[in-house]
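# A closer look at the structure
These are the residues of each chain, in order.
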Amino acid sequence: MDADRRSALVAQYEAGPAVLEAAVEGLSDAELDHRPSDGGWTPREVVHHVADSEMTSAIRLRRLIAEDEPLIVGYDGDEFARRLHYADRPIEPALAAVAAARATTAQILRGLTDAEWARTGTHSESGPYGVEGWLEIYAVHCDEHADQIRRALAGSG
């Protein structure tokens, strides 16, 4: 991955919290709790998923940089949603967690050397997992879930 591509992805990563916040801005509790026709997560559940995923991903990145060949362990998002009561919690703290995780992580990303960008580990579910691949996944994470929220509210799942 060249420096221009990295910079563009880091900028998209930094913009993610505002994209997610815009997707839920002004929604009523009824809208936040609207279950899409495909039975997927409600907008409220999506926001909590993003928060947990972003906090987890921030630690994953730190481990990739600070540890030699770390094992990055996956988790069951549906179990997190159920056991961590996504459906019953207000979203404001989750939105703040997304913003904080991304702000602190962006500081790290902006200072990485080429050698640090090349660091890798192994993901328990997908195999080889590196810093650049991490960025490709998480740069679009908020955008993808903001789209998921808009589709759920539009009734198309």
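Refer to the structure above for everything that follows.
Residues numbered from 1 in each chain as written. Predicted model: local features only at pLDDT ≥ 70, side-chain atom pairs only at ≥ 80, totals over all residues. Heavy atoms only, no water.

So, on to the pattern of salt bridges. Within the structure shown, the criterion is met by twelve salt bridges. Residue Arg 6 pairs with Glu 132 through a salt bridge whose shortest N-O separation is 2.8 Å. Of the two residues, Arg 6 is situated in helix α1 (residues 3-24) and Glu 132 in helix α7 (residues 131-139); the sequence distance between them amounts to 126 residues. You can call Arg 6 buried: its relative accessible area is 12%. Overall, Glu 132 belongs to the partly exposed group, its relative accessible area being 21%. For the salt bridge of Asp 33 with Arg 44, the shortest nitrogen-to-oxygen distance reads 2.6 Å. Placement of the pair is Asp 33 in the loop between α2 (29-32) and α3 (43-66) and Arg 44 in helix α3, with a sequence separation of eleven residues. Members of the salt-bridge network, linked through shared partners, are Arg 6, Asp 114 and Glu 132. (Salt bridge = Lys/Arg side-chain N within 4 Å of Asp/Glu carboxyl O. Helix = DSSP H or I, 4+ residues; strand = E, 2+ residues; numbered from the N terminus. Buried < 20%, exposed > 50% of the residue type's maximum accessible area, 1.4 Å probe, protein only.)

Before going further, it helps to examine the environment of Gly 121. Examined against the element boundaries, Gly 121 turns out to sit in strand β2 (residues 120-123). Since its relative accessible area comes to 4%, Gly 121 is described here as buried. Sequence separation between Gly 121 and Leu 71 is 50 residues; the distance between their C-alpha atoms is 5.9 Å.

Judged by nonpolar contacts, the single largest core of 19 residues is most densely connected at Leu 20, Val 24, Val 47 and Ile 149. Listing elements by their share of this core, those giving two or more residues are α1, α3, α5 (92-110) and α8 (141-154). (Core = buried A, V, L, I, M, F, W, Y, C linked by side-chain atoms within 4.5 Å.)

Once that is clear, we can look at the sheet that holds strand β3 (residues 127-130). Strands sit in the order β1-β2-β3 across an open sheet of three strands; the sheet is mixed. Of all the strands in the sheet, just β1 (71-72) and β3 have a single pairing partner and so form its edges. Note: β2 against β3, four bridges, orientation antiparallel. Paired with Gly 121 across the two strands is Tyr 129, which belongs to β3. (Pairing = 2+ DSSP bridges.)

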